[in-house]
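Each chain, letter by letter, is given below.
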Amino acid sequence: MSKHAQRLNRLFDKLERKIPSMAGSWLARLRRPEARWIRIPLGILLVLGGIFSFLPVLGIWMLPLGLLLLAVDLIFLQSPVNQAILRGSRKWTTWQRKRRDRKNTPKA
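If you're wondering where the values come from, they're calculated on a predicted model, not measured in any experiment.

1. Comments concerning helix α4 (residues 62-73)
Next, step 1: Its twelve residues give α4 an end-to-end C-alpha distance of 18 Å, which sits within 8% of 16 Å, the value for a rise of 1.5 Å per residue.
Next, step 2: Every buried residue belonging to α4 is among M62, G66, L68, L69, L70, A71 and D73, and all of these are buried.
Next, step 3: The inward-facing, buried residues of α4 contact α1 (3-18), α2 (21-31), α3 (36-51) and α5 (75-104).

Have a look at this one:
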C-alpha cells in the first residue's frame, strides 16, 4: 500500500469517527474492496451533482465527497485529494482559532 493510500485510509477513519454512527457504518461498508462497483458510480454521480450545484437539490458538498470516493480506487487522485483535505482542514482549524480568539478578546 502506498503512502498516499495509507494517508487516505487515515483520513477516512477520522471522517468515520466524526460523522454520525449510521453514516459512519455506511461509509465503512463503501470502503470495503467488494464495494468497488457501488463506489465508482456513486463517486461519479456525486462529482456530476457537485458540478451542477446551481440546481436547488444538488450542492457543492457533493464534489469533494465524490472525489474522495473515487480516490479510493483511482490512484492518480489519491495525492491531490489528500493534499486538498489536509489544506482544507488546516484552513478550517485556523479559521476556528481566529473566530475563538476574536470572541474571547476583551472589548476596549
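Having seen the model, we can carry on.
2. Some remarks on the pattern of salt bridges
Note that side chains of opposite charge can pair when their charged atoms are close.
Next, step 1: All told, the structure shown has four salt bridges when counted by the stated rule.
Next, step 2: Among the salt bridges present, the one from D73 reaches R39, with a minimum N-O distance of 2.8 Å. Taken as a pair, D73 in helix α4 and R39 in helix α3 lie far apart in primary sequence, 34 residues in all. Here D73 matches R39 in class, with each residue buried.
Next, step 3: Between R100 and D101 there is a salt bridge whose closest N-O contact spans 3.6 Å.
Next, step 4: Taking relative accessible area as the criterion, D101 reaches 41% and is therefore assigned partly exposed.

3. Observations regarding a positive patch on the surface
Next, step 1: On the surface, R87, R90, K91, K98, R99, R102 and K103 cluster together to form a positively charged patch.
Next, step 2: Inspection of the secondary structure puts K98 in helix α5.
Next, step 3: For K98, a relative accessible area of 54% gives the class exposed.

4. A look at the packing of α1 against α5
Next, step 1: As a packed pair, α1 and α5 sit with axes 9 Å apart at the nearest point and diverge in direction by 45 degrees. Accordingly, the angle class assigned to the pair α1 and α5 is oblique. For the element pair α1 and α5, the recorded crossing hand is left-handed. Only Q78, S79, V81, N82, I85 and L86 of α5 make contact with α1, whose side of the interface consists of H4, A5, R7, L8 and L11.

5. Brief notes about the packing of aromatic side chains
Next, step 1: In total, this model carries one aromatic pair according to the counting rule given.
Next, step 2: Here W92 and W95 contribute two aromatic rings whose centre-to-centre distance is 5.2 Å and whose plane-to-plane angle is 35 degrees, an arrangement assigned as tilted. Placement of the pair is W92 and W95 together in helix α5, with a separation of three residues, close to one helical turn.
Next, step 3: Judged by its relative accessible area of 40%, W95 falls in the partly exposed class.

6. Here we look at the confidence of the model for the protein
Next, step 1: Per-chain confidence: the protein averages 87 in pLDDT, with 99% of residues scoring 70 or above.
Next, step 2: When pLDDT is averaged over each element of the protein, α3 comes out on top at 91 and α1 at the bottom at 87.

7. A short note on α2
Next, step 1: Listing the buried residues of α2 in full gives G24, L27 and L30. On an axial view of α2, the arc spanned by its buried residues comes to 120 degrees, and they lie on one face. Across from the buried face of α2, at angles greater than 90 degrees, the exposed residues are S21 and M22.
Next, step 2: Where α2 is buried, its residues contact α1, α3 and α4.

What counts, and where the lines are drawn
- Residues numbered from 1 in each chain as written.
- Predicted model: local features only at pLDDT ≥ 70, side-chain atom pairs only at ≥ 80, totals over all residues.
- Heavy atoms only, no water.
- Helix = DSSP H or I, 4+ residues; strand = E, 2+ residues; numbered from the N terminus.
- Expected span 1.5 Å × (residues − 1).
- Buried < 20%, exposed > 50% of the residue type's maximum accessible area, 1.4 Å probe, protein only.
- Contact = heavy atoms within 4.5 Å.
- Salt bridge = Lys/Arg side-chain N within 4 Å of Asp/Glu carboxyl O.
- Patch = residues over 30% accessible without salt bridge, like charges linked within 9 Å, V, L, I, M, F, W, Y side chains within 5 Å.
- Areas by Shrake-Rupley, 256 points an atom, 1.4 Å probe, with all protein chains shown as cover.
- Lys, Arg positive; Asp, Glu negative; His and termini not counted.
- Charge placed at Lys NZ, Arg CZ, Asp CG, Glu CD.
- Axes fitted to C-alpha atoms, helices over the stretch in contact; angles between N-to-C directions.
- Parallel < 35°, antiparallel > 145°, perpendicular 65-115°, else oblique.
- Left-handed = near helix turned anticlockwise from the far one by under 90°.
- Phe/Tyr/Trp six-rings, centres within 6.5 Å; stacked < 30°, edge-to-face > 60°.
- pLDDT = per-residue confidence, 0-100.
- Arc of directions from axis to C-beta.

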